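# Observations on the model geometry
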Amino acid sequence: YQRRVHGETTLPFRMADSDRRRKRARVDDEDDGDDHIGKVAEIGVDLDDSDEDFGEEEDMIQVDFDFAVPREEDYFAIKRALAHYLSKSAFAAGELADAIVAQSHVGTVVKANDQPIGFVSVLNMHTDSLPMTQIKEYALSKVSGSDRATLRRLFDDAASPLGLLVNYRVANAPPQIAPFLHRALHKEIGQAASTDPAFRFENLLLLTRTYTERDAESTGDVASDGPRAKRQKGDSTTRHSFFFEEELYAEAATVVASFGVNDDAAAGKLTFESVIDVQGQLLVVPTAAVETILERLEPYLDESLLSRVEDW
């Protein structure tokens, strides 16, 4: 992953020649010839060359990313990431991590320096496992009316497989890895569905988090005793997803529900200039919309990155 403070930034991701048991992507600024198969993503961001404040120095960081099938060695990292998946203490995160690791033919873990920094997977929800039972009960408790009736029907209709899409990356993971992760995931689902009806999903369920930002100074949230200082609630603004691709899933969703979350990981976050207020979000996305979502990933990411540069 290469970041340039000044000039033009191009982030090419290429997939290495490998069998299905190991997926590898390298981020570099030069063409490695025939050692790589297919281009995963290429993002270009032009910064204003007329800004003299930055000088001509370049701050570069190069990182190799490994995209691999989930393995036993990834269990604890996945379990930790799932600790706050539901905003309740009684959740079998370990058993859900076991299911993700066991399903090696569908799902990917991305690593930097051999440490997991994210993963994506889809699991069939029509099982009686403890974590799936807890997730279904939790989801039903967060919706009402017609949305609740829709969810109950999806949970009960085993003839129409429902997939739980679990999507996670650490906060500082470059968003450019997301298009590869999701394209690979849905390709694997298609391959698995050709022989296993359990993967012929008609809908996907996402349980995730969104946030709003408000100016800390204007709302009186900046305090001298640090991030745990008392914070006042400000007016709501546009909600954003922590992972940009989930905004595209939300646009295609037939059920969208937001709800409060009550755990330490979701408390209001105080940054240097703003307060981040977190909410839970439930999405039901028809798989018929997936192709369009995948086509929009990179253009949407381009627009998002360019908007951030302009705001900055």
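So, here is what we can say about the structure in this document. (Residues numbered from 1 in each chain as written. Predicted model: local features only at pLDDT ≥ 70, side-chain atom pairs only at ≥ 80, totals over all residues. Heavy atoms only, no water.)

## So, the environment of L123
This is how the line gets drawn: Strands are runs of DSSP state E lasting at least 2 residues, helices are runs of H or I lasting at least 4, and numbering of each runs from the N terminus. For each residue, the accessible area found with a 1.4 Å probe, counting protein chains only, is set against the maximum for its type, and the residue is called buried under 20%, exposed over 50%, and partly exposed in between.
For L123, the position within the fold is in strand β6 (residues 115–124). Residue L123 is classed as buried on the basis of its relative accessible area of 5%. Sequence separation between L123 and V166 is 43 residues, and the spatial gap between their C-alpha atoms is 8.1 Å.

## A short note on the environment of V69
Looking at where V69 falls in the secondary structure, it is placed in the loop between β4 (64–68) and α1 (75–81). The buried category is assigned to V69, whose relative accessible area is 1%. Once the C-alpha coordinates of V69 and A102 are considered, the two residues, 33 residues apart in sequence, prove to be 9.8 Å apart.

## Brief notes about the pairing of strand β5 (residues 108–112)
Spelled out, the test is: A pair of strands counts as paired when DSSP detects no fewer than two bridges linking them.
A large share of β5 lies buried, amounting to five of its five residues. Neither face of β5 is open: one carries T108, V110 and A112, the other V109 and K111, and all of them are buried. Pairing between β4 and β5: four bridges, direction antiparallel. Paired with D66 across the strands is K111, a residue of β5. In this structure, β5 lies alongside β6, joined through five bridges in antiparallel fashion. By the bridge assignment for β6, A112 is matched with Q115. Taken together, β5 and the strand that follows it, β6, pair antiparallel across an intervening segment of two residues, in which N113 is found at a positive phi of about 55 degrees.

## With respect to the pairing of β6
The side chains of a regular strand alternate, first on one face of the sheet and then on the other. Most of β6 sits inside the fold, with eight of its ten residues counted as buried. With seven bridges joining them, β6 and strand β7 (residues 162–169) adopt antiparallel strand pairing. Paired with G118 across the two strands is R169, which belongs to β7.

## Some words on the packing of helix α3 (residues 130–141) against helix α4 (residues 145–156)
Heads up, the condition is: Here an axis means a line fitted to C-alpha atoms, over the contact stretch when the element is a helix, while the angle between two N-to-C directions is reported on a 0 to 180 degree scale. Angles below 35 degrees are treated as roughly parallel, those above 145 as roughly antiparallel, those between 65 and 115 as roughly perpendicular, and all remaining angles as oblique. By convention, the crossing between two helices is left-handed when the near helix turns anticlockwise from the far helix through less than a right angle, and right-handed when the turn is clockwise. Should any heavy atoms of two residues lie within 4.5 Å, those residues are considered in contact. Three residue categories are used. Nonpolar comprises Ala, Val, Leu, Ile, Met, Phe, Trp, Tyr, Cys and Pro, charged comprises Asp, Glu, Lys and Arg, and polar comprises the others, including Gly.
Following both chains from N to C, one finds α3 and α4 inclined at 160 degrees, their axes separated by 9 Å at the closest point. Relative to α4, the element α3 is oriented roughly antiparallel. For the pair α3 and α4, the sense of crossing is left-handed. Together, K136, A139, L140 and S141 of α3 and R148, L151, R152 and F155 of α4 make up the contact between the two elements. Tallied by class, the residues present in the contact of α3 with α4 amount to four nonpolar, one polar and three charged.

## What to know about helix α2 (residues 93–102)
Stated precisely, the cut-off is as follows: In this context, the arc is that of the directions from the helix axis out to the C-beta atoms.
By the burial criterion, the buried members of α2 are A93, G94, L96, A97, I100 and V101. Mapping the buried residues of α2 onto a view down its axis gives an arc of 160 degrees, with all of them on the same face.

## Remarks on the pattern of salt bridges
The following threshold applies: Counted as salt bridges are all cases of a side-chain nitrogen of Lys or Arg within 4 Å of a carboxyl oxygen of Asp or Glu.
Counted under the stated rule, the structure contains five salt bridges. K111 serves as the salt-bridge partner of E73, at 2.8 Å between the closest nitrogen and oxygen. With E73 in the loop between β4 and α1 and K111 in strand β5, this residue pair connects regions lying 38 residues apart in the sequence. E73 sits in the exposed class, given a relative accessible area of 59%. Residues joined in a network through salt bridges with shared partners are E73, D74 and K111.

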